[in-house]
Amino acid sequence: MGERVASPTRSIPGGGRSEFVSSTEQPGSSGADTGVRRRSTATSRRGGVPSLTSRTTLAQRTQGQFTLAGPDETPQLRLAHEPFVHPGYAELNPEYEQPANAKPVWSLAKPLPRVVRPGMVPTKEELLQSRANAELPAENSQNLGLDVDPNDLEAGRIEKSADPRKIAAQVEDARLQRENNFVNKILNGDTTSTSRRMSRTSSSRIRRPLTVEPSAGGLSPVQEDRNSAQPEATEEPNNDERLPPLPEEPEHHVDDEHEPKEEEEVEGFPSLDHAALPDDLHPLVQELVEDEVHNNHTTWSVIRTHHREPLAEALGVFVQLVVGFSADLSVTLAGAGNPNTTGWAWGFATMMAIYISGGISGAHLNPTITMMLWFYRGFPKRMMPSYFLAQFLGAFIAALCVYGLYYYSIHHYLATNGPIDIVNSFVTSQREDWIGPGTAFFNEFVGTLCLTVTVLALGDDQNAPPGAGMNSLIIGFVVACLSMTFSYQTGAAFNPSRDFGPRLALLALGYGGDLFRNPYWFYGPWAGSLTASFIGAFLYDFMIFTGGESPVNYPWERTQRAMRKSKAKWKRRLHMHLGKKDKEYIG
């Protein structure tokens, strides 16, 4: 009774032995302070009787929120997967010490990033207009006779109502309050809470806070302070600011004739310098300029640094299609293979590709996925051309490689059989004569829609994302399932590059122009998959997703404004339009 059990002695580098340390308490400081990791045990030696008090049930571990996707990953499990790092390695390879999630990666291997898009943030013109016509908190709701608390609205607590006008008024008030508070923090240089919300994942590496330093040229890019440590990323910011209570009678608006000048201060709102601030008042809306560190040990490493994403995407596509085409040819040339074998092969090939490039390029492997992530999740459109080139080039080279690998087997097969089966091993088509264009289109449409919805669900960190490293495996199983389900009628492309790249390769190998005479190559893998990808993403966001980066979840007027700004930017880049200032300057 009361006996303490001493842990075994441990040798110390350089000779000698450590002192006996009690397994139930340690002298001095705790294990967290001394760097000693202590493992929890299910039993304690109190009176020699095992105790089960430290065991927890599944309901306790999941806090009563059990889901078929399994509980969240624990800190102990994350630490168990941390690799050994030799002392001095980081000094020679400083890139390794960069914090996790230093920049967004729209990856199929982990939850998708949360980014601020231009449509979510008010412009200077909108802010100046709101200053001239300042509204009280919850004014729109009050005008409809609603008795609401502005703080409840800002927190999103809006009661359901049969009158859509009342809901719309409260939504407008909530959006205005959030935007005003957000812009106030940015103008005051307070980005601490913003930076803490940039990542919801914890990391054993030290995170550095984002700071905004005022300069004469306006808001500076996001910089990292290397000498200060970031608090734990999962901490929620403390926001003690409370909006003033709703007045009984609204005050009068500022008259348009007495519109405040830009230099004047409005109570509760910092001054706006029209020339100094960017169009969108949040630095993160501009291009993410991170002070990244790269190893760059060789000349090629510098080139790779600037083109790493498309190179990784091309390699992932190459591996995926080499394995998939090889499986199709193996079944075709054997003559007695199981067609389901190709379904499993395509699934595991996709898994391999996502593991290869998922952490670098995101392993989209599919132009329709890239375009969908651009429109619905904020993937940078400047990177889309390089991704498209990588995806089509990887498919083209993969088809040539597999054809060369099976060259003699293919020609042995063609000695007694027609070329149609060889062609079908590389490209998709209407497999039977009775399959019309409508059936072929909707076969690709439904399959791609299911794939898109699943990809977005796995990438939604507020749904039920799988544990670390499981996205790749799960998407592989999804692709295998969809291949078995939809391949009978068309071959199940779900992907323009997977079909178009091999068509070009077979055309170059002399298989003739019949490859493009059947219009299926366009309305199946191109029109069918692209339409399904956009509609599938719309359905998921309309019914489940709550993030503001989706255009489904913020006002249509903001979407139109963002599209007009993008159009004007491209016109300026193509020298198709001269702005008013340019005309005055030329004149």
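For every chain, the first residue of the written sequence is number 1, and numbering continues from 1 along that sequence. In keeping with the predicted nature of the model, local features appear solely for residues at pLDDT of at least 70, side-chain atom pairs appear and are counted solely at 80 or more, and the whole-chain, interface and lining totals rest on all residues. The side-chain figures draw on all heavy atoms in the structure; neither hydrogens nor water molecules are used.

Per an unreviewed UniProt entry, the protein carries the name Putative MIP transporter and comes from Byssochlamys spectabilis. UniProt, in the comment section headed Subcellular location (unreviewed entry), describes the protein in these words: "Membrane". UniProt positions are given in the numbering used here, feature names are shortened, and annotations may be inferred rather than shown by experiment. On record in UniProt, under Sequence similarities (unreviewed entry), the comment for the protein is "Belongs to the MIP/aquaporin (TC 1.A.8) family."

**Q** Got a minute to help me understand the nonpolar core in this structure?
**A** Nonpolar side chains in soluble globular proteins tend to be buried together. Residues enter a nonpolar core if they are buried and are Ala, Val, Leu, Ile, Met, Phe, Trp, Tyr or Cys, with the set joined through side-chain atoms within 4.5 Å. Each residue is assigned to one of three classes by its accessible area relative to the maximum for its type, calculated with a 1.4 Å probe on protein chains only: buried under 20%, partly exposed between the two thresholds, exposed over 50%. Leu373, Phe426, Leu506 and Tyr511 are the most contacted members of the largest nonpolar core, which totals 53 residues. For this core, the element with the highest residue contribution is helix H14 (residues 384-405), accounting for seven residues. Whether two residues are in contact is decided by their heavy atoms, any of which lying within 4.5 Å being enough. If we ignore the near neighbours within four places in the chain, the residues touching Phe426 are Phe325, Leu329, Ala399, Val402, Tyr403, Arg498, Pro502 and Leu506. Counting residues in hydrophobic clusters, the runner-up holds five residues, among them Ala138, Val148, Leu153 and Ala174. Going along the chain from the N terminus, every DSSP run of H or I of four or more residues is numbered as a helix, and every run of E of two or more is numbered as a strand.

**Q** Would you mind showing me how to read a nonpolar patch on the surface here?
**A** On the surface, Ile535, Phe538, Leu539, Phe542, Met543 and Ile544 cluster together to form a nonpolar patch covering roughly 590 Å² of accessible area. One can find Phe542 in helix H21 (residues 520-543). Judged by relative accessible area, Phe542 falls into the exposed class, the value being 57%. Here, patches come from residues exposed beyond 30% relative accessible area and free of salt bridges, joined within 9 Å for like charges and within 5 Å for nonpolar side chains (Val, Leu, Ile, Met, Phe, Trp, Tyr). Every accessible area reported is derived by Shrake-Rupley at a probe size of 1.4 Å, with residue values counting cover from the shown protein chains alone. In what follows, salt bridge is the name for a side-chain nitrogen of Lys or Arg lying within 4 Å of a carboxyl oxygen of Asp or Glu.

**Q** Help me understand the packing of aromatic side chains in this model?
**A** Each aromatic ring pair is specified by the distance between its two centres and by the angle formed by the two planes. Pairing of aromatic side chains requires ring centres within 6.5 Å, counting the rings of Phe and Tyr and the six-membered ring of Trp. Pairs whose planes differ by under 30 degrees are stacked, by over 60 edge-to-face, and all others tilted. As enumerated under the stated definition, the model contains 29 aromatic pairs in all. Between the aromatic rings of Tyr403 and Phe426, the centroid separation amounts to 6.2 Å while the plane-to-plane angle is 45°, which identifies the pairing as tilted. Remark: Phe426 occurs in the loop between helix H16 (420-424) and helix H17 (437-458) and Tyr403 occurs in helix H14; sequence separation between them is 23 residues. Here the aromatic residues Phe325, Trp346, Tyr403, Tyr407, Tyr408, Phe426 and Tyr511 are joined through ring pairs into a cluster of three or more. For a lysine, the NZ atom is tested; for an arginine, the CZ atom; a charge sits over a ring if that atom is within 6 Å of the ring centre and within 35 degrees of the ring normal. The aromatic ring of Phe545 is capped on one face by Arg377, whose charged end is 3.8 Å from the ring centroid.

**Q** I tried to follow the environment of His412 on my own but got confused; where do I start?
**A** With respect to the secondary-structure elements, His412 resides in helix H15 (residues 407-414). With relative accessibility at 64%, the residue His412 sits in the exposed group. On a C-alpha basis, the gap between His412 and Leu333 in space is 9.1 Å, while along the polypeptide they are 79 residues apart.

**Q** What exactly am I supposed to notice about the pattern of salt bridges here?
**A** Enumeration according to the criterion identifies eight salt bridges in this entry. One network of salt bridges, with partners in common, ties together Arg114, Asp460, Asp461 and Glu549.

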